[in-house]
Amino acid sequence: MVSTDGFDCRSYDLQTYADGIHKKRLERFSTVYACAFVSSTLGNGDAAASSLALAPSDLLVTASSTGHLRLFRLVDMVTRWTAAGQQSAQPACSWAAHVGAVYCLATARTPRGGDTLLFSGGDDGYSPLGAISLPPAVQSLALSSDPAGEGSGPTTLFAGCSDGGVHSLDVATGALSSPQRAEGGCHVAGVLTMDHSWSAGSLATGSEDGTVRLWDARIGGARACTSTFDTGAAGRSVPGSGAEALRCLRNPPTTCLRFEASGSWLLCGHGAGGGSAGSLSMWSLGMGQRVQQVSTTAVPQAMVVAPSEVLVVGSESALCRYSAALEGPGVKQPLQGCRSAFGLDLHPRTGQVAVGGAGGAVELLSRYGKKTGGCLFTSDED
């Protein structure tokens, strides 16, 4: 039933009414493309430092197809779900960050001050650092930052775009550099995913062109493509340009990828092909070839590599857990709100998992898989 509180036919504004309906429709049919935890740094005297408890400053950021970024307090999200009868969480704040969908997020903590930098990329081609404009849509982001926090903070932001370009942004100066397409280093289709390994000094990118490429990211960004992997039947390294690279266009797209901790292995998710809805693969970067591949029942769309397992979500309403070596079938955990999931992140301290997807849904799961919070945008039509 639609509430009529405050309705006065004498001051009826058709445009305001239409704008309200349009806004509700956008939220109802929106998609959360990315989510990222912002974890506090706890001191030795903090009661939560030696436990898995959430800190009041622990946050979750989500990126939406409406162009908005939303910030949730995890403590409030869990409280509303567990103590208030499974109520949907409300964002602490929300703002229109892009004109068009926001596809990717990256976060990093600054040295000494403890502030957190939030980077976002979207359909309008804008990235952070003074709204740097890139001609095509920004579909993926990665940061070169010391995971131990002992360095000088993030140094380079990498952006993968819909034209196949891989761009490097110096965080300190805002200087932009891009590999030259004539050198055979760029993808020939959109870059859907990327990840940076601090220990290996490498950037990995996955694309719609059916290849995965490795870049030397040790000095001044991704200036040189060092390896190109054919993700199809060959499963090996191929020349970065020429006939062999073009034949890779027949391969399914690489939709997600992550380095494991040492930087010696790369795990990838691929779209439909070869009679399966999707697949996961594991690559030895030392040997330059694929060493493991498993079929999936859905297209993998986001991935997190934990110390002992690999978490994957995709075009089905489930969170799948695989062994670190992709041995055996994955264990599926049904999701209550996400019909199809695109965003996935793992809290570095508590092990909680955040999943975002179709319908503007966000689910917060404990390290054991129990739902502890969520957000589902509804309207008077529900």
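Per chain, residue numbering runs from 1 following the sequence as it is written. For a predicted model such as this one, the threshold for reporting local features is a pLDDT of at least 70, and the threshold for listing and counting side-chain atom pairs is 80 or more; totals across whole chains, interfaces and linings nevertheless cover every residue. Water and hydrogen atoms were dropped before computing side-chain values, which therefore reflect all heavy atoms in the structure.

Here we come to the overall build of the protein chain. What counts as a helix is a DSSP run of H or I of at least four residues, what counts as a strand is a run of E of at least two, and both are numbered from the N terminus. Across its full length, the protein chain carries three helices and 29 strands. Across the 382 residues of the protein chain, 49% fall into the buried class. A separation threshold of at least 6 residues defines the contact pool for the protein chain, and within that pool the share at least 24 residues apart is 46%. Only protein chains enter the accessibility calculation, which uses a 1.4 Å probe; a residue is then buried when its area is under 20% of its type maximum, exposed when over 50%, and partly exposed in between. Any pair of residues with heavy atoms lying within 4.5 Å of one another is described as a contacting pair.

Here we take up the pairing of strand E24 (residues 316-323). Where burial is concerned, most of E24 is hidden: six out of the eight residues are buried. One bridge is not enough; two strands pair if DSSP finds at least two bridges between them. Two elements, strand E23 (residues 309-314) and E24, share six bridges in a ladder whose sense is antiparallel. Along E24, the bridge assignment pairs Val-310 with Tyr-322. Hairpin geometry of E23 and E24 is characterised by an intervening segment of one residue between the two adjacent antiparallel strands. Taken together, the four bridges between E24 and strand E25 (residues 331-334) define a ladder with antiparallel strand orientation. Looking at the pairing, Ala-318 lines up with Pro-334 of E25.

Bringing unusual backbone geometry into the picture now. Unlike most non-glycine residues, Leu-326 shows phi in positive territory, near 55°. Tracing the backbone shows Leu-326 in the loop between E24 and E25. What makes Leu-326 buried here is its relative accessible area of 2%.

As a general feature of sheets, a regular strand has side chains that alternate between the two faces. Here strand E29 (residues 371-375) lies mainly inside the structure; five of its five residues are buried. Hairpin remark: strand E28 (residues 362-365) followed by E29, antiparallel, with five residues in the connecting loop; positive phi at Gly-369, about 100°.

A separate point is the sheet that holds strand E12 (residues 176-177). The antiparallel open sheet is built from four strands, whose spatial order is E9-E10-E11-E12. Pairing within the sheet leaves two strands with one partner each, and these edge strands are strand E9 (138-144) and E12. Bridging between strand E10 (residues 156-161) and strand E11 (residues 166-170) involves five bridges; their strand directions are antiparallel. Within the sheet, the bridge partner assigned to Phe-158 lies in E11 and is Ser-168.

This part is about the confidence of the model for the protein chain. Atom-level detail of predicted coordinates should not be read off regions where pLDDT is low. Predicted confidence across the protein chain gives a mean pLDDT of 84, with 81% of residues reaching 70 or more. In this model, residues 42-50 is a region of pLDDT below 50 whose contacts with residues beyond four sequence positions or in other chains number seven contacts. Here pLDDT means the predictor's own confidence in every residue, given as a number from 0 to 100.

Glancing now at empty space enclosed by the protein. Of the two site types, the cavity is a set of points on a 1 Å grid over the protein atoms alone where a 1.4 Å probe fits but cannot get out, and the pocket is an open set with protein on both sides within 12 Å along at least five of seven lines, each lined by residues with an atom within 4 Å of a point. Grid points are joined across faces, edges and corners, and a volume is the space filled by probe spheres set on the points. All told, the structure shown has two cavities of 30 Å³ or more when counted by the stated rule. There is about 70 Å³ of room inside the largest cavity. Thr-296, Thr-297, Ala-298, Val-299, Pro-300, Val-312, Val-313, Gly-314, Ser-315, Glu-316, Cys-320 and Tyr-322 are the residues that line the largest cavity. Sorting the residues of the lining of the largest cavity by element identifies E23 and E24 as the ones contributing at least two each.

Our focus in this paragraph is the side chain of Thr-231. Tracing the chain through its elements places Thr-231 in the loop between strand E16 (224-230) and strand E17 (236-238). Side-chain atoms alone can form a polar contact between residues adjacent in sequence; in general such a contact is a pair of N or O atoms within 3.5 Å, and within protein one must be able to donate a hydrogen while the other accepts it. Within the structure, the side chain of Thr-231 is placed 2.8 Å from the backbone oxygen of Gly-210, a separation counted as a polar contact. Sequence-distant contacts of Thr-231, that is, excluding residues within four places in its chain, are made with Gly-210, Thr-211, Val-212, Asn-251, Pro-252, Thr-254, His-270, Trp-283 and Arg-290.

Let's shift gears to the sheet that holds E24. An order of E22-E23-E24-E25 is seen for the four strands of this open sheet, with the pairing classed as antiparallel. Taken across any chain shown, the strands that pair with only one partner, and hence form the sheet edges, are strand E22 (300-305) and E25. Strand-to-strand twist in this sheet, taken as the mean axis angle between neighbours without regard to direction, amounts to 25°. Fitted lines through C-alpha atoms give the axes, limited to the stretch in contact for helices. The angle between two N-to-C directions lies from 0 to 180 degrees.

Next up on the list: the packing of aromatic side chains. Stacked, edge-to-face and tilted labels apply to pairs of Phe, Tyr and Trp rings (six-membered ring for Trp) whose centres lie within 6.5 Å, assigned for plane angles under 30 degrees, over 60, and everything in between, in that order. For the structure on display, the rule yields three aromatic pairs. Judged by centre distance (5.1 Å) and plane angle (15°), the rings of Phe-229 and Trp-283 are stacked. With Phe-229 in strand E16 and Trp-283 in strand E20 (residues 278-284), this residue pair connects regions lying 54 residues apart in the sequence. Exposure class is identical for Phe-229 and Trp-283. Each is buried.

Take a side-chain nitrogen of Lys or Arg and a carboxyl oxygen of Asp or Glu: if they are within 4 Å of each other, that pair is a salt bridge. Using the criterion set out here, one finds five salt bridges in the structure. Note that Glu-316 and Lys-332 form a salt bridge whose closest N and O atoms lie 3.1 Å from each other. Of this pair, Glu-316 sits in strand E24 while Lys-332 sits in strand E25; the two residues are 16 residues apart in sequence, bridging distant segments of the chain.

In this fold, Phe-158 is placed in strand E10. Distance in space between the C-alpha atoms of Phe-158 and Ser-168 is 4.6 Å, their sequence separation being 10 residues.

Like-charged residues within 9 Å of one another, or nonpolar side chains (Val, Leu, Ile, Met, Phe, Trp, Tyr) within 5 Å, are grouped into patches, provided each residue has over 30% relative accessible area and no salt bridge. Computed with a 1.4 Å probe, the accessible areas rest on the Shrake-Rupley method; for each residue, only the protein chains presented here act as cover. Among the surface-exposed residues, Val-188, Leu-246 and Leu-249 lie close enough to one another that they form a single nonpolar patch of about 280 Å² accessible area. Among the structural elements, Val-188 can be located in the loop between E12 and strand E13 (191-197).

On to the side chain of Ser-340. For Ser-340, the position within the fold is in the loop between E25 and strand E26 (341-346). For Ser-340, a relative accessible area of 15% gives the class buried. Once you skip the residues sitting within four places of it in the chain, Ser-340 turns out to touch Gln-301, Gly-314, Ser-315, Glu-316, Gly-357 and Ala-358.

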